[in-house]
Amino acid sequence: MPANRAKNATDTASRNDHQHEDLLNGSLTGVRERLMHDASFAGLVRGEIDAADDGDPSLLIGSPDGIRPALAAASAARKPVVIVVPSGRDAEDLMGDLRSWYDGDPQQIAQLMAWETLPHERLSPRADTVANRMETFYRLCHPQQGSDMFGPIRILVMPVRSLIQPVVAGIGNVKPLVFAQGEHIALEDAVKALVRNSYKRVDLVMDRGEFAVRGGLVDVFVPTQPHPVRIEFFGDEIDTIRQFHASDQRTYGDSLHSLWAAPCRELQLTDAIRDRARSLIGSIPNADDLLESIANAIPQEGMESLIPALVDDLVPVSSMLPQDAIVMLFDPERLRRAVDDLVKTANEFLATSWHVAASGHGAGAPISFDSANFLDYDEVVGQLTYSRHELWKISGFTVDSSLPGHVQIDAMAPQDFHGSEQRAEDHLGELIRDGYELTVTAAAHGILSRLTRMLHEIGVTQFNTIRSQAQDGFIDAASKTALLTERDLTGRSSVAAGAKTPRKRRKSIDLMELKPGDFIVHEQHGIGRFVEMRQRTTGSGKNQTTREYLVIEYAPSKRNAPPDKLFIPTDQLDQVSKYIGAEIPKLNKLGGSDWAQTKAKAKKHVHEIAQNLIHLYSARQRAKGFAFSKDTPWQKELEDAFPYQETADQLTTIDDVKADMEKPMPMDRLICGDVGFGKTEIAIRAAFKAVQDSKQVAVLVPTTLLVQQHWETFSERFEGFPVNVKPMSRFQSTKEINDTIKGLADGTVDVVIGTHKLLNPHIKFKDLGLVIIDEEQRFGVEAKETLKAVRTNVDVLSLSATPIPRTLEMAVTGIREMSTLATPPEDRLPVLTYVGAYEDAQVTAAIRRELLRGGQVFYVHNRVNDIDEKARALQELVPEARIGIAHGKWGANSLTRSSETSGTATLTCCCARRSSKPDWIFRTRTR
């Protein structure tokens with residue numbers, strides 16, 4: 001029965017996902033058709049604009065950001081379009097825009113992702129990045145009309161980094177490995193093909209780019225797929241292809257018809273490459289282990305750094321583009337600046353031999369990287385200019401359309417009027433009076449409803465609403481068309497709430513973390529010791545099957561007898577869990593009564609603990625709390641505006657918190673989760689739910705800076721709703737604090753976020769309904785005793801990454817409810833740590849690398865007295881960085897200004913406690 005419910009839920013989620021895509025894909029086609037009344041826009045789309053007479057066949061086009069996706073989508077009906085943008089983030093954003101403007105098959109829009117690593121680094125690009133590139137290369141070189149997998153690409157988006165990085169010659173001719181139901185392929189041939197495509201053979205598939213073979217089953221995790229798949233062979237025929245969860249190895253959902261196992265590495269482990277690697281062993285410093293692995297067809301981290309030594313020919317990506325394509329260079333000035341920063345950073349890392357120095361092998365690059373280094377941008381653009389391609393240079397600056405080859409689209413970006421209702425009313429009203437057809441768009445239905453209500457409140461009623469993924473709008477005077485997005489109206493953008501991640505199973509065990517000797521608990525048989533993973537073959541002939549088992553060792557049933565062993569199939573992992581006790585346990589006997597007695601004793605002990613602690617919570621148990629109402633439409637709007645996809649643990653915890661709040665018994669729930677796992681978003685939704693029932697919310701945090709951060713986050717998420725959020729810390733003046741206290745007493749303040757000031761007995765709430773304690777372990781016993789008077793009949797939500805043992809014990813014993821956020825957000829990158837002696841060149845390269853990806857750098861200094869001098873030195877090393885300073889000896893005003901400017905600074909120099917060792921640690925997210 002549960003399996004059927006899970007299947008029905010999966011089918012429903014899949015149908016909803018397709019309906020959502022159908023609703024957004026091509027949704028702005030009608031607006032695009034109206035733009036054809038703009039003569040400049042239509043002339044470009046139809047190819048009627050002539051180039052300059054000076055021999056340069058390229059066009060220089062002036063256009064705002066919002067109308068560019070419409071221009072590209074409309075032009076794709078005439079010729080394939082290739083768009084080059086400054087960064088990978090720009091490419092991701094543009095992909096969603098294009099799907100809303102393009103009325104053809106969304107599969108015809110593709111993105112050529114760029115490596116996250118530099119060509120010479122001993123770090124490999126992510127497997128999903130390489131798989132995306134390999135799929136794109138093959139579709140460019142061998143398009144097949146009518147094919148779902150290999151269909152032609154009409155619009156290709158790539159960051160400029162992809163354009164200037166050379167690739168292995170013939171990479172677009174790598175034969176795709178496709179598994180399809182009913183296809184005949186020998187199992188041995190399939191295994192060889194996976195190895196050739198750089199899939200790593202393992203015993204149990206857990207990560208992308210891995211495969212395992214068990215009898216007639218092949219498990220493979222294709223990097224471009226959300227889950228691994230299990231391919232079942234019947235002889236040499238593929239019988240079924242089904243997805244399964246890596247956590248418990250159990251299949252789910254309907255069978256797939258076909259699967260494209262794209263390569264995981266751009267360096268193919270062919271016989272020629274393996275022979276070349278074997279011949280180079282001993283000739284490249286610090287590379288023998290890597291060469292030996294390649295020679296043995298074992299893909300290794302950083303193997304791409306040896307491409308110059310293993311491959312003779314490298315070619316530019318432009319050689320694979322369709323010959324008749326229109327190549328659009330978005331913002332040529334930004335493209336050139338991005339290339340300059342990229343080349344400078346690559347040269348700095350190569351000069352300092354980052355990966356060599358960090359690993360302690362000394363300086364000096366092992367091989368020459370000239371052939372694999374980035375191509376000259378001007379040469380690449382020059383080749384495109386004088387080829388058969390149409391080259392469009394699209395700039396955000398105004399273009400003199402009277403010059404040959406210059407086109408200015410009669411459109412501009414909307415005014416920046418968010419925050420001023422009067423300005424929005426005047427501007428939009430003027431557009432409507434002038435005959436413009438006004439369209440408001442957003443990705444989520446809840447956001448669109450909120451924008452509609454906001455415009456109605458200021459008197460703007462004549463407009464259309466369309467759900468789309470467009471992020472920037474425009475006002476086109478020639479066609480009398482205006483498109484406004486959420487970003488234009490509010491200054492921020494969200495994403496639609498797509499298909500939710502499948503919920504994680506309540507009981508699961510990570511087989512990759514198991515080691516021989518670890519203690520395991522089986523629901524029926526008790527505590528045993530993990531021995532190994534073993535394959536066993538049963539049956540004979542056609543009925544012969546091979547399965548994977550966990551071997552668990554139990555205490556011997558008789559004296560001096562060998563230990564009993566239990567074989568647990570991997571599809572029954574929900575029956576076992578890892579032992580988490582502090583003491584070494586005694587093994588149970590299979591079929592004995594000791595496990596039942598142990599469980600009985602545990603239950604009895606739980607009752608004893610509950611009796612000892614019941615006095616602490618008797619008041620809360622007797623008190624009748626407030627039963628909050630079910631979610632309101634505004635609650636759904638708020639949740640739809642969340643700009644990220646919730647993790648499985650977040651969804652489960654959000655449901656648990658809401659269920660607790662809707663009960664008449666006061667809630668007391670602890671949420672444990674690492675930094676960045678989504679605890680604050682859960683608190684925001686709980687606070688909003690409380691405010692919907694006219695209850696007040698107090699958010700208690702340990703530090704002043706955390707007050708400021710939470711106030712900004714809560715205010716941003718509650719923007720557009722009638723929720724009054726106030727901070728209370730030393731950053732506020734006495735008058736502001738007194739006004740907040742008065743507002744809490746008369747009910748005009750809905751949410752207050754503060755430090756220990758909130759514990760002042762003189763602060764009175766009109767109707768407090770929820771207390772949120774962030775980092776509960778940071779508050780002492782006295783503070784918590786003060787809270788008891790407030791918490792008697794009030795819902796309490798505690799957040800902590802490292803809860804204290806007493807809090808954990810209360811949660812484990814059931815006195816307090818506990819939720820754990822163990823799943824990291826999608827695409828959360830691991831932290832890479834390098835430790836070494838301080839060198840200016842390496843620090844400069846590290847900072848520039850982080851700035852190159854659009855991130856921020858925190859430089860931790862160990863002394864306050866010379867922090868200004870250190871900031872000046874950093875400014876000389878990296879003059880393009882915007883540097884801010886902060887330390888604990890500053891007063892409230894200085895810290896306020898610093899916290900306000902730290903969001904715009906690209907490098908922040910802050911002070912920490914002095915260390916006895918002046919070595920440096922740099923952490924960056926690169927993979």
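Thresholds applied
Residues numbered from 1 in each chain as written. Predicted model: local features only at pLDDT ≥ 70, side-chain atom pairs only at ≥ 80, totals over all residues. Heavy atoms only, no water. Core = buried A, V, L, I, M, F, W, Y, C linked by side-chain atoms within 4.5 Å. Buried < 20%, exposed > 50% of the residue type's maximum accessible area, 1.4 Å probe, protein only. Contact = heavy atoms within 4.5 Å. Axes fitted to C-alpha atoms, helices over the stretch in contact; angles between N-to-C directions. Helix = DSSP H or I, 4+ residues; strand = E, 2+ residues; numbered from the N terminus. Parallel < 35°, antiparallel > 145°, perpendicular 65-115°, else oblique. Left-handed = near helix turned anticlockwise from the far one by under 90°. Nonpolar A, V, L, I, M, F, W, Y, C, P; charged D, E, K, R; others polar. Pairing = 2+ DSSP bridges. Phe/Tyr/Trp six-rings, centres within 6.5 Å; stacked < 30°, edge-to-face > 60°. Lys NZ or Arg CZ within 6 Å of the ring centre and 35° of its normal.

**Focus on the nonpolar core**
For soluble globular proteins, nonpolar side chains are generally found buried alongside one another. I83, W101, I155, V157, M328 and W392 are the most contacted members of the largest nonpolar core, which has 38 residues in total. Every residue in contact with W392, bar those within four places of it in the chain, is listed here: L44, L59, I61, L71, S75, R78, I326, V327, M328 and L329. Among the nonpolar cores identified, the runner-up in size contains 36 residues, and I171, V174, A346 and F374 belong to it.

**Digging into the packing of helix α16 (residues 445-457) against helix α20 (residues 633-640)**
Two elements in contact, α16 and α20, have axes whose closest approach is 7 Å; the angle formed by their N-to-C orientations is 115°. As judged from the angle between their axes, α16 and α20 are roughly perpendicular. For the element pair α16 and α20, the recorded crossing hand is left-handed. Facing G446, I447, S449, R450 and R453 of α16, the residues of α20 in contact are W634, E637, L638 and D640. A breakdown of the residues in the contact of α16 with α20 according to their chemical character gives 3 nonpolar, 2 polar and 4 charged.

**A short note on the sheet that holds strand β16 (residues 390-395)**
Strand pairing within a sheet occurs via backbone hydrogen bonds; the two strands may be parallel or antiparallel. Pairing within the open sheet is parallel, and its 7 strands lie in the order β3-β4-β2-β15-β16-β1-β17. Every other strand in the sheet has two partners, leaving β3 (109-111) and β17 (406-408) as the edge strands with one partner each. Neighbouring strand axes in the sheet, compared pairwise and without regard to direction, differ in orientation by 20° on average. Direction of pairing for β3 relative to strand β4 (residues 155-159): parallel, over a ladder of 3 bridges. What sits directly across from Q111, in β4, is V157.

**Comments concerning the packing of aromatic side chains**
For the structure on display, the rule yields 11 aromatic pairs. A centroid spacing of 5.4 Å and a plane angle of 70° characterise the contact between Y138 and F150, whose relative ring orientation is edge-to-face. With a gap of 12 residues between them, Y138 in helix α6 (residues 127-141) and F150 in the loop between α6 and β4 connect regions that are remote in the sequence. By relative accessible area, Y138 is classed as buried at 11%. Taking relative accessible area as the criterion, F150 reaches 10% and is therefore assigned buried. Measuring from ring centre to ring centre gives 5.5 Å for F688 and F718, while their planes differ by 40°; the resulting arrangement is tilted. Within this pair, whereas F688 is found in helix α22 (residues 679-692), its partner F718 is found in the loop between α23 (704-717) and β30 (725-728), the two being separated by 30 residues in sequence. Of the aromatic side chains, those joined through ring pairs into one cluster are W634, F688, F714, F718 and F721. In this arrangement the basic side chain of R536 is found over the ring face of F567, its NZ or CZ atom lying 4.4 Å from the centre. The ring of F642 carries R685 above its face, with NZ or CZ at 5.2 Å from the centroid.

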